[in-house]
Amino acid sequence: MVNRYASDVLAKGWQQAGKRTATPTPVTKELVLEEPTSGFVGAVVTWENGSVVLEDRKGRRRSFPFGPHFWLDGKPVDLRPPQRPETARDADQARRRTHTASGSRVGPVAQAKVALPSRIYVEGRHDAELVEKVWGADLRHVGVVVEYLGGIDDLPAIVTDFAPGKGRRLGVLVDHLVPGTKESRIVAQVSGEHVFVTGHASIDIWEAVKPARLGLDAWPRIPKGTDWKHGICAALGWPHATQADIAAAWHRILRQVRGWEDLDPRLLTEVEKLIDFVTEDHLDRDS
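Let me sum up the structure you'll find in this document. Note that the structure is predicted; figures quoted are calculated from it, not measured.

**A closer look at the pattern of salt bridges**
Move 1: A full pass over the atoms with the stated rule returns 12 salt bridges.
Move 2: Of the charged contacts in the structure, one is a salt bridge between Arg-60 and Asp-56, with a shortest N-O distance of 2.8 Å.
Move 3: Residue classification places Asp-56 among the buried positions, given a relative accessible area of 11%.
Move 4: Residues Arg-80 and Asp-78 are paired through a salt bridge, measuring 3.1 Å at the closest nitrogen-oxygen approach.
Move 5: For Asp-78, a relative accessible area of 15% puts it in the buried group.
Move 6: Through salt bridges that share partners, Arg-213, Arg-258 and Asp-262 make up one connected network.

**Here's the deal with the sheet that holds strand 8 (residues 119-122)**
Pairing between the strands of a sheet comes from backbone hydrogen bonds, and it takes one of two forms, parallel or antiparallel.
Move 1: Pairing is parallel across the open sheet formed by four strands, whose spatial order is 9-8-10-11. The open sheet has two free edges, formed respectively by strand 9 (145-148) and strand 11 (195-199), since each of these has just one partner strand. When strand polarity is set aside, the average angle formed by the axes of neighbouring strands in this sheet is 20°.
Move 2: Pairing between strand 10 (residues 170-174) and strand 11: five bridges, direction parallel. The partner of Val-172 across the bridge, within strand 11, is Val-197.

**What about the packing of aromatic side chains?**
Move 1: Under the defined criterion, the tally for this structure stands at six aromatic pairs.
Move 2: Where Phe-64 meets Phe-70, the ring centres are 6.1 Å apart and the plane angle is 90°; that geometry is what we call edge-to-face.
Move 3: In this structure Phe-64 comes out as buried when scored by relative accessible area, which is 6%.
Move 4: When its relative accessible area of 1% is taken as the criterion, Phe-70 is described as buried.
Move 5: For the ring pair Phe-196 and Phe-277, a centre distance of 5.5 Å and an interplane angle of 50° mean the geometry is tilted. Remark: Phe-277 occurs in helix 7 (residues 265-286) and Phe-196 occurs in strand 11; sequence separation between them is 81 residues.
Move 6: Phe-196 sits in the partly exposed class, given a relative accessible area of 25%.
Move 7: On the basis of relative accessibility, which here comes to 13%, the residue Phe-277 falls in the buried class.
Move 8: Connected via pairs of aromatic rings, a cluster forms that spans Trp-206, Trp-219, Trp-228 and Trp-250.
Move 9: Above the plane of the ring of Phe-162 lies Arg-168, whose end atom (NZ or CZ) is 4.2 Å from the centre.
Move 10: Directly above the aromatic system of Phe-277 lies the positively charged group of Arg-169, at a separation of 4.5 Å from the ring centroid.

**Here's the deal with helix 4 (residues 182-190)**
Move 1: Within helix 4, burial applies to Glu-183, Ser-184, Ile-186, Val-187 and Val-190. Buried positions in helix 4, seen along its axis, are confined to an arc of 165° and lie on one side of it. Exposed side of helix 4, more than 90 degrees from the buried face: Arg-185, Ala-188 and Gln-189 are the residues found there.
Move 2: On the buried face of helix 4, the contacting elements are helix 3 (155-162), strand 10 and strand 11.

Rules behind the numbers
Residues numbered from 1 in each chain as written. Predicted model: local features only at pLDDT ≥ 70, side-chain atom pairs only at ≥ 80, totals over all residues. Heavy atoms only, no water. Salt bridge = Lys/Arg side-chain N within 4 Å of Asp/Glu carboxyl O. Buried < 20%, exposed > 50% of the residue type's maximum accessible area, 1.4 Å probe, protein only. Pairing = 2+ DSSP bridges. Helix = DSSP H or I, 4+ residues; strand = E, 2+ residues; numbered from the N terminus. Axes fitted to C-alpha atoms, helices over the stretch in contact; angles between N-to-C directions. Phe/Tyr/Trp six-rings, centres within 6.5 Å; stacked < 30°, edge-to-face > 60°. Lys NZ or Arg CZ within 6 Å of the ring centre and 35° of its normal. Arc of directions from axis to C-beta. Contact = heavy atoms within 4.5 Å.

Structure, rendered in structure tokens:
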């Protein structure tokens, strides 16, 4: 004998008992749907502002809100707007939530650190701004301050004043560091156990930004004897009469840098070497 009262008829979910579940269905053109309340049957012709427009065989059109009140091939469906395809910007923003601009994974929020005695120096303001944009979060995490020289000629005096030693290291990033140049001769004078100078072959830090970020196949070639930054601006048709014009040009370039992917890999390698060098004593002490 069947016990019709073996279960609680008012248990949670009793209202939906026996009902057919509407299947979530993204809207597409030409999908033939029935709106059972009105009995209207038609093909999807368009959708906007939270509604879908159906057209029947006689060309009549009616608009209905999206939701679980349609039938498709005799089965209930929950009609939904089409999923927006992920754009490159969406992917980039999602990555920024889990990784810094340098590609390092974002860790838990930590208390502010006292700056280490060690420092990283870069050759100019533009270099400092680029390093800050890409590696700033990493450097603050380890407590390393970045300063700029103002010019490679000042490096020997800066090293002397800094007085590098154990636990007080100095790392330096130099533009156009190639054998036989003035830069390479100055670097040879100051390098030592507690001073590490490295650099990149680019004439200027601007050139370390991939030209594709500016819609270029390559950076323009500037004749010798022409100021490189002025020459670049002139070649690209940008204003370059004043220092303010040059500053505006740099910020135009810097805005296109989203992270490490937009830089010459050779620059990435050298900056990572500098960070490792100036934090080595600190990491040894903490381990």
